[in-house]
2 protein chains.
Amino acid sequence: MEQRPGGRSARVRDAVRQATLAELAEHGYSGLTVENVAIRSGVHKTTVYRRWGSVEGLIADALELAREEPWPIPDTGSFRGDLRAIVRLVQGGFADPVAGPISAAFVAAAVQNGDAARSLHDFFMARHEQAAEVVRRAVERGELPADTDGADVIRMAVAPIYYRLFVTHEPVTERDAVRAADAAAAAARAGVIHGDPAGRAADQ
Amino acid sequence: MEQRPGGRSARVRDAVRQATLAELAEHGYSGLTVENVAIRSGVHKTTVYRRWGSVEGLIADALELAREEPWPIPDTGSFRGDLRAIVRLVQGGFADPVAGPISAAFVAAAVQNGDAARSLHDFFMARHEQAAEVVRRAVERGELPADTDGADVIRMAVAPIYYRLFVTHEPVTERDAVRAADAAAAAARAGVIHGDPAGRAADQ
DNA sequence: AGCTTAACGCTACTAAAGTTGCGATTGGAG
DNA sequence: CTCCAATCGCAACTTTAGTAGCGTTAAGCT
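Model, not experiment: these values are computed from the prediction.

Draft legend 1. Broad picture of empty space enclosed by the protein. Tallied over the entire structure, the rule returns three cavities of 30 Å³ or more. Put simply, the largest cavity is a space of about 80 Å³. Looking at the largest cavity, the residues that line it are Met156, Pro160, Ala180, Ala183, Ala184 and Ala187 of chain A together with Met156, Ala180, Ala183, Ala184 and Ala187 of chain B. If you list the elements that add at least two residues to the lining of the largest cavity, you get helix H9 (150-168) and helix H10 (174-189) of chain A together with helix H10 (174-189) of chain B.

Here's what the structure looks like:
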């Protein structure tokens, strides 16, 4: 009756997760197939289908793994510097030949599959909350209005990167990243990205 | 040797295009299949495969149709008003039960297929260029610095909408749209979104 | 150690996606 | 009007994705 997280199941899960990431890095999302993951992991095809259901299930599971590892929140001393560092970290991640395709695959999978979308949603909520730390510090330093919505500042800063990558399919340079960060910083400083009067704290 | 744009081919193409849009509106991108489009259009499955190749090809073609029809660029008298109107138009489009799924399908298809990505790229380049008109007017009125990058202001304004919809999968309210527009306006007014010194006019 | 059973491996099967070859239309030029 | 070639319709086929049934393995408990 009890689960068996300590034994074979755990080994299988790890093998499949790792194979999924490796396949994603090599062939991207459109080249990801259950059969190839099964072969690479040494786990049988039927088993993968039983436990993960589909390609999107594999990705949703890999996302949980990605969510666990924390994020280096910068502390440069200035708000503009922190924000620039965050956005450049995002841009650099997508430019990386290994991490880039994997991250892009997560976004691509979530566009199609509800489970992956939920996983990605949770992932970003955690990221926004972590990154909002730089806004809190800026408020304490008096650089920003007290009612600034931290998570929304992060959204404004990184959104143009994702917009270029996944919507308009334009190239993204480091210069674009810096500009997006500066734009969000300017808007925050102008007091435009303020917290809501009505309770909207819990999104969704 | 010559093409035959006037005859049967044109009829077939129109039928398939229309069937594609209808199927997208009903079942969304994940429910779009070549076979159903073939049945609905009255065109044989093989023919659709030969001319469009795949589901993504169908969408890429439908996109060209969408690109042709022009866009109502607002003229409210103030830059902030114009920008708000544009972003709310985008947000409203995705909220529409008919246009929403179709637009979302375009984005979803482009994430996976190179042809669809190119089509969508061209589509947005045209849109940005058209919408940048509101920035030009604002510059003439003296509301913005002369070297403001019009297309980039539009990008900053609409990016958070797409970011929420297709990346973080958060709900998008009208309030979010207004805030995104105001943030971009504030950044533009602060002179952060300025044109490049080195020639980067031709993107890509 | 021995037992129980959740989880896995394997083969065979079904369903759906996509392809091929050929004969039938049809638009357009002489 | 006649002919030609591009395009389409059609049926059969191949390939790939996903499922079902059943025997086998091994984790965890006594």
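Now that the structure has been shown, we can carry on.
Draft legend 2. Main features of the interface of chain B and chain A. Counting from both sides, the interface comprises 48 residues of chain B and, opposite them, 48 residues of chain A. Here chain B packs against chain A, burying approximately 3900 Å² in sum over the two surfaces, 62% of which is carbon and sulfur. Together, Tyr163, His169 and Arg179 of chain B form the three largest contributors to the area buried by chain B at its contact with chain A, with a combined 18%. Applying the counting criterion to the chain B and chain A interface returns eight salt bridges. The closest approach of N and O atoms between Arg179 of chain B and Asp149 of chain A, which form a salt bridge, is 3.4 Å. Connecting chain B to chain A are 19 residue pairs in polar contact (both at pLDDT 80 or more). When residues of the side of chain B that touches chain A are traced back to their parent elements, those giving at least two are helix H6 (99-112), helix H7 (114-131), helix H9 (150-168) and H10 of chain B. Among the elements that make up the side of chain B that touches chain A, the one with the highest residue count is H9 of chain B (twelve residues). Among the residues forming the side of chain B that touches chain A, the class breakdown is 26 nonpolar, ten polar and twelve charged.

Draft legend 3. Region of the structure containing the relation of the copies chain B and chain A. Between the two copies, chain B and chain A, the superposition gives an RMSD of 0.2 Å; the rotation angle is 179° and the shift along the axis is 0.0 Å. These values place the two chain copies in the arrangement generated by a two-fold rotation axis. A symmetric contact is evident, with 100% of the interface residues of chain B recurring at the interface of chain A.

Draft legend 4. Focus on the packing of aromatic side chains. For the structure on display, the rule yields 14 aromatic pairs over all chains. When the centroid spacing of 6.0 Å and the interplanar angle of 80° are considered together, the rings of Phe124 of chain A and Tyr163 of chain B count as edge-to-face. Note that Phe124 of chain A is positioned in helix H7 (residues 114-131) and Tyr163 of chain B in helix H9, a pairing that runs across two chains. Across this residue pair, the class does not change: Phe124 of chain A and Tyr163 of chain B are buried. Aromatic pair Tyr163 of chain A and Tyr162 of chain B: ring centres 5.2 Å apart, planes at 50°, arrangement tilted. Here Tyr163 of chain A, found in helix H9, pairs with Tyr162 of chain B, found in helix H9, and the two come from separate chains. On the accessibility criterion, Tyr163 of chain A (2% relative accessible area) is buried. Members of the aromatic cluster, connected to one another through ring pairs, are Phe94, Phe123, Phe124, Tyr162 and Phe166 of chain A together with Tyr163 of chain B.

Draft legend 5. A look at the nonpolar core. Phe79 of chain A together with Phe79 of chain B are the most contacted members of the largest nonpolar core, which totals 131 residues. Those residues in contact with Phe79 of chain A that sit more than four places away from it in its chain are Val134, Val135, Ala138, Arg141, Glu143, Leu144, Val153, Ala185 and Ala188 of chain A.

Draft legend 6. Broad picture of the domain arrangement of chain A. Residues and elements named next belong to chain A. Here chain A is described as being made up of domain 1 (8-57) and domain 2 (68-189). Put simply, the middle of domain 1 and the middle of domain 2, counted by C-alpha atoms, are 29 Å apart. Counting residues at the interface gives five residues for domain 1, matched by eleven residues for domain 2. Here domain 1 and domain 2 share an interface that buries about 710 Å² over both sides, 73% of which is from carbon and sulfur atoms.

Draft legend 7. Summary view of the confidence of the model for chain A. Per-residue confidence for chain A gives a mean pLDDT of 90, with 93% of residues at or over 70. The low-confidence segment residues 198-204 of chain A, where pLDDT is below 50, has ten contacts with residues more than four positions distant or belonging to other chains.

Draft legend 8. Structural detail: the pattern of salt bridges. Residue and element names in this part refer to chain B. Within this structure, the stated rule accounts for 47 salt bridges over all chains. The shortest N-O distance in the salt bridge between Arg17 and Asp61 comes to 3.2 Å. Taken together, the residues Arg17 in helix H1 (residues 8-27) and Asp61 in helix H4 (residues 55-68) connect sequence positions 44 residues apart. One exposure class covers both Arg17 and Asp61, and it is buried. Across the pair Arg137 and Asp75 runs a salt bridge whose closest N-O atoms are separated by 3.6 Å. Taken together, the positions of Arg137 in helix H8 (residues 133-140) and Asp75 in the loop between H4 and helix H5 (79-95) put the pair 62 residues apart, joining distant regions of the chain.

The rules behind the values
Residues numbered from 1 in each chain as written. Chains lettered and ligands numbered in written order. Predicted model: local features only at pLDDT ≥ 70, side-chain atom pairs only at ≥ 80, totals over all residues. Heavy atoms only, no water. 1 Å grid on protein atoms, 1.4 Å probe; cavity = no way out; pocket = protein on both sides within 12 Å on 5 of 7 lines; lining within 4 Å. Points joined across faces, edges and corners; volume = space filled by probe spheres on them. Helix = DSSP H or I, 4+ residues; strand = E, 2+ residues; numbered from the N terminus. Contact = heavy atoms within 4.5 Å. Buried area = accessible area lost by both parts, 1.4 Å probe. Salt bridge = Lys/Arg side-chain N within 4 Å of Asp/Glu carboxyl O. Polar contact = N/O pair within 3.5 Å; in protein donor to acceptor, adjacent residues only side chain to side chain. Nonpolar A, V, L, I, M, F, W, Y, C, P; charged D, E, K, R; others polar. Least-squares fit on C-alpha atoms with pLDDT ≥ 70 in both. Phe/Tyr/Trp six-rings, centres within 6.5 Å; stacked < 30°, edge-to-face > 60°. Buried < 20%, exposed > 50% of the residue type's maximum accessible area, 1.4 Å probe, protein only. Core = buried A, V, L, I, M, F, W, Y, C linked by side-chain atoms within 4.5 Å. Domains from an automatic or database assignment. pLDDT = per-residue confidence, 0-100.

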